Amino acid sequence: MTLDILTTIALIILSLATIGLLYRVVKGPGISDRVMALDAIGINLMAITGITCIIVDTDAFLDIILLIGILAFIGTVAFAKFLEKGAIIDHDRDS
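Residues numbered from 1 in each chain as written. Predicted model: local features only at pLDDT ≥ 70, side-chain atom pairs only at ≥ 80, totals over all residues. Heavy atoms only, no water.

The name an unreviewed UniProt entry gives the protein is Multicomponent Na+:H+ antiporter subunit F, with Priestia endophytica DSM 13796 as the organism. Of the comments in the UniProt record for the protein, the one headed Subcellular location (unreviewed entry) reads "Cell membrane". The Sequence similarities (unreviewed entry) field of the UniProt record for the protein holds the comment "Belongs to the CPA3 antiporters (TC 2.A.63) subunit F family." (UniProt positions renumbered as here; feature names shortened; annotations may be inferred.)

Put into structure tokens, the structure is as follows:
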């Protein structure tokens, strides 16, 4: 009974935090703030999926948590490369 209440409260808090982060993505003062908010949204989605696994009492969503983590990491690396060089894919290669 106590675990159900705690997981529900955690889910509500994470959902509210995700809504706040969505506001930061849309209204962020700089591109780096938006990238950090997107990364935090990915972490929140992983946590929401994990808590959903606890509530439903299954481990079927654990692969989804891994997939979200990988996609969030790749997105963060791509944005960091864009901020550094101005392009994500370099077409000029040294032979």
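Moving on, there is more to tell.
Caption draft 1: Spatial organisation of the overall build of the protein. Looking only at helices and strands, the protein features three helices and zero strands. Secondary structure of the protein in N-to-C order comes out as α-α-α. Taking 95 residues into account, the globule formula puts the C-alpha radius of gyration at 12 Å, and the protein, at 17 Å, lies well above it. Each of the three principal axes of the protein carries a C-alpha extent, and together these read 65 × 35 × 10 Å. Counting every position in the protein, which comprises 95 residues, the buried fraction comes to 20%. Long-range pairs, those at least 24 residues apart, make up 43% of the contacts in the protein between residues at least 6 apart in sequence. Across the protein, 6 positive and 10 negative side-chain charges occur, with their mean positions spaced 14 Å apart. (Helix = DSSP H or I, 4+ residues; strand = E, 2+ residues; numbered from the N terminus. Rg over C-alpha atoms; globule rule 2.2 N^0.38 Å. Buried < 20%, exposed > 50% of the residue type's maximum accessible area, 1.4 Å probe, protein only. Contact = heavy atoms within 4.5 Å. Lys, Arg positive; Asp, Glu negative; His and termini not counted. Charge placed at Lys NZ, Arg CZ, Asp CG, Glu CD.)

Caption draft 2: Region of interest: the UniProt feature "transmembrane region" (unreviewed entry) in the protein. UniProt feature "transmembrane region" (unreviewed entry): in the numbering of this structure it lies at residues 6-26, 38-58 and 64-83. Helix makes up 90% of residues 38-58 and strand makes up 0%, while its end C-alpha atoms are separated by 27 Å.

Caption draft 3: Seen up close, a nonpolar patch on the surface. A surface patch of nonpolar side chains, amounting to about 410 Å² of accessible area, comprises Ile31, Leu38, Phe79, Phe82 and Leu83. Of all elements in the fold, only helix H2 (31-56) and helix H3 (62-85) reach the threshold of two or more residues within the nonpolar patch. Mapping Leu38 onto the fold places it in helix H2. When its relative accessible area of 39% is taken as the criterion, Leu38 is described as partly exposed. (Patch = residues over 30% accessible without salt bridge, like charges linked within 9 Å, V, L, I, M, F, W, Y side chains within 5 Å. Areas by Shrake-Rupley, 256 points an atom, 1.4 Å probe, with all protein chains shown as cover. Salt bridge = Lys/Arg side-chain N within 4 Å of Asp/Glu carboxyl O.)

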